[in-house]
Each structure stands twice: as C-alpha cells, then as structure tokens.
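What follows is each chain in one-letter form.
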Amino acid sequence: MNENLLYKKSIIQIDDYSRSEIELILAHSEKMPGKDPFFPQTKFLEGKIIDLAFFEPSTRTRMSFEHAIKYLGGSICDLGDLDKTSLKKGESFEDTIKIISGYCNAIILRSSDEKACIEAKKYSDGVPIINAGNGSDEHPTQALLDLYTIKKKLGRLDCLNVGIIGDLKYGRTVHSLVKSLSIFEGNTCNLLSPKGLELPEKYFTKSCINCEFSDINDLIKDFDVLYATRIQKERLPNEIKDENYSYEINQKMMDNAKKNMILMHPLPRINEITAEVDMDPRAAYFEQAKNGLIVRQALLYSILRKKIIL
Ligand code: NCD
C-alpha cells in the first residue's frame, strides 16, 4: 500500500493537479469497475458519504458522479433544490458549506458563481471540494474524462493537433481542456469561434492558436481531435443573446477529416453535430460521456482513500 498524495485534495481548477497527478488518475481509471463491480474489493468508497450541491442544471456530471459513488459502495446526500434549504431563509453560502462539511467526506459543487468553489474550500475545514462546473470558468473533471478519452482512442496525450470549435468564451469545458493539453508536450489547440466568443486571454496557453471560424472546412483535414461545444445561450449577455452563432458539423465535413480523427463534444449538443454523424466510427462523444463514470470513480478513489491499493 502506498501513501496517497491526492488524499483530501480539492480539484477546483485543472492545474491544481500536476501532470503526474493527472496521469495517476487516468491510470486508476483503467482499474475502476465502472458499472460492473464484480469484485467485492471494489467497494472503495464503503462508509464514505459525498454531498452533492448542484445549483445549476446537470445530467452527465451529476448522474455519472452519483453512479460512480454508488458502484463503489459509497453514499450520497443531496442538498437538493435551493428552495428546500436554509439558503432560502437567507443563510449564507459560507455557513451552508460550514454545516454540510461537518457531515460529509467530500462536496461536489456546481454553481453559476465562478468564486463558489474557492469560497467553499475556505469554509469546508479540509473536506475536499470537487468543482463540477463554476459558471463560465472551469470544469476540471470534464477535462479529466476528455483526456482519458483522447488517450484511450489515440494512444497519446502529446503531439496532438486539436481543433476546438464553438463558444470558447463562456464554455467552461474548453477552458479546462486547453489548460490540461498545455501540460503535455507538443500539442496545438486551433481555436475556432464566432466573433465575440473567443477564448479569454487568461485561458490562452502556449499551445493555442487563433484561427478563422469559417476556415473549419480547410483545417479539419489536419486535426487529430475536433472538440465541438455548444453556444452557452444561458450565459450570453443581453446585447448578444439573440445573435445567431449556430454552426453545424455534418457528414460532408467529416469526409474531409483524417480516418482516425476523433470528434468530441462535452454534450449536451443542440445543433452542433448532425445526427447522421453519430454513425461515423470517429464520433467519440457518447463514449466520452460514458468514460465519465470510471474517471469520476478514479478521482473519488484517489481523493477519499488514505492508502492506495491499486
Ligand atoms: C458542460 C457544462 O456543464 O459545462 N456539460 C457537461 O458537464 N458535460 C457543457 C455544456 O453545458 O455545454
């Protein structure tokens, strides 16, 4: 058994974790039972209770965390609708975190407030905070499953030519992804966004290149990965809410791509990828979402076990 350096470590931004820590989680993911807990010793979270505090809608992140916990023998406790909590009575967020961290082993938090996770960590008395999306800032656990999917499909996390298309300003998955790709060697992130939705400077890394949105048809042929994201309508300021930023990746475009390119999307998709593309073997987005289960199991295993037995 090894001493676990990730024990009780929060994950708020992807670069809270070093390259070797990310690689460790990806390696642990391979050994997780997923939804097939055939060995009793995979009840790695037995006796642990993890609290969910989701203040924004979620399907994949929330459900994959819940299932991950249950398959590993842990329990969840859900803060539930805001209306049913004392936040409704005017209790502060800080006090809420102080109280629930006295009961649980970890808190998985999604909020529209970019500062919520950092604030929560101040008041959680060492109980780890897992950022499940903080406004339009970051979504680090999505980046972990994105990296896992790329590694699984292409066998490497370096020397990749990656196209990233869509709302790069408000899409938090992209912010964590570009940061994470820059810790590996020789990656290029070709950024393609409609005017006004460019990647904010603070997320720009040495791997990033700004490209013309309309050049996607030419550029696609050189990509190893194309990562599409939806326009984050709910986050657009009023002045641009009604702009038409929509774009579509269809089979005709895929015909110009490499035979082994992978097409990813954090989902939900609205109309960025046509349904016909789902049949293309390079469409990796459903597998990507499915990988969330083992990667989140590996993350929780790494954070909540004092000793690593794998
Ligand atoms: C993303 C999110 O919530 O940021 N969804 C997810 O967790 N897979 C992407 C999105 O909503 O566009």
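Asks: Explain the site of the ligand residue by residue, including any values.
Replies: If you check the shell around the ligand, you find Arg60, Thr61, Arg110, His139, Gln142, Arg172, Thr173, Arg230, Gln232, Pro266, Leu267 and Pro268 and nothing else. The separation between an oxygen atom of the ligand and a polar side-chain atom of His139 is 2.8 Å. Between a nitrogen atom of the ligand and a main-chain N or O atom of Leu267, the distance comes to 3.1 Å. Protein chains shield 93% of the accessible area of the ligand, which is 320 Å² for the free molecule. Taken together, the elements giving at least two residues each to the shell around the ligand come down to helix H2 (60–71) and helix H6 (172–181). Its residues placed into classes, the shell around the ligand shows 3 nonpolar, 5 polar and 4 charged.

Asks: Report on the packing of helix H1 (residues 19–30) against helix H9 (residues 285–304), specifying residues and quantitative values.
Replies: Here H1 crosses H9 at 115 degrees, and the two axes come no closer than 8 Å. As for the relative orientation of H1 and H9, their crossing is right-handed in sense. Two secondary-structure elements touch here, H1 through Ile25, His28 and Ser29 and H9 through Ile294, Val295, Ala298, Leu299, Tyr301 and Ser302. Grouping the amino acids of the contact of H1 with H9 by side-chain chemistry returns 6 nonpolar, 3 polar and no charged.

Asks: I'd like to hear about the nonpolar core, residue by residue, with values.
Replies: Ranked by internal contacts, the top residues of the largest apolar core, which has 58 residues, are Ile108, Ile164, Val178 and Leu299. Top element by residues in this core is H9. It accounts for 9 residues. In this structure Val178 touches Ile164, Cys189, Leu191, Leu199, Tyr203, Thr205 and Cys208, once residues within four positions along its chain are discounted. One finds Ile216, Met261, Leu267 and Val277 within the second-largest nonpolar core, a separate group that totals 19 residues.

Asks: So what about the pattern of salt bridges? Which residues, and what values?
Replies: Evaluation of the coordinates by the stated rule reveals 20 salt bridges. One salt bridge in this structure joins Lys153 and Glu287, with 3.0 Å as the shortest N-O distance. Residue Lys153 is located in helix H5 (residues 140–154), and its partner Glu287 is located in helix H9; the two are separated by 134 residues in the primary sequence. Given a relative accessible area of 33%, Lys153 falls into the partly exposed group. A residue is classified by how much of its surface remains accessible, and Glu287, at 32% relative accessible area, is partly exposed. In this structure, a network of salt bridges that share partners links the residues Arg62, Glu66, Lys70 and Asp78.

Calculation criteria
Residues numbered from 1 in each chain as written. Predicted model: local features only at pLDDT ≥ 70, side-chain atom pairs only at ≥ 80, totals over all residues. Heavy atoms only, no water. Near = heavy atom within 4 Å. Polar contact = N/O pair within 3.5 Å; in protein donor to acceptor, adjacent residues only side chain to side chain. Areas by Shrake-Rupley, 256 points an atom, 1.4 Å probe, with all protein chains shown as cover. Helix = DSSP H or I, 4+ residues; strand = E, 2+ residues; numbered from the N terminus. Nonpolar A, V, L, I, M, F, W, Y, C, P; charged D, E, K, R; others polar. Axes fitted to C-alpha atoms, helices over the stretch in contact; angles between N-to-C directions. Left-handed = near helix turned anticlockwise from the far one by under 90°. Contact = heavy atoms within 4.5 Å. Core = buried A, V, L, I, M, F, W, Y, C linked by side-chain atoms within 4.5 Å. Buried < 20%, exposed > 50% of the residue type's maximum accessible area, 1.4 Å probe, protein only. Salt bridge = Lys/Arg side-chain N within 4 Å of Asp/Glu carboxyl O.

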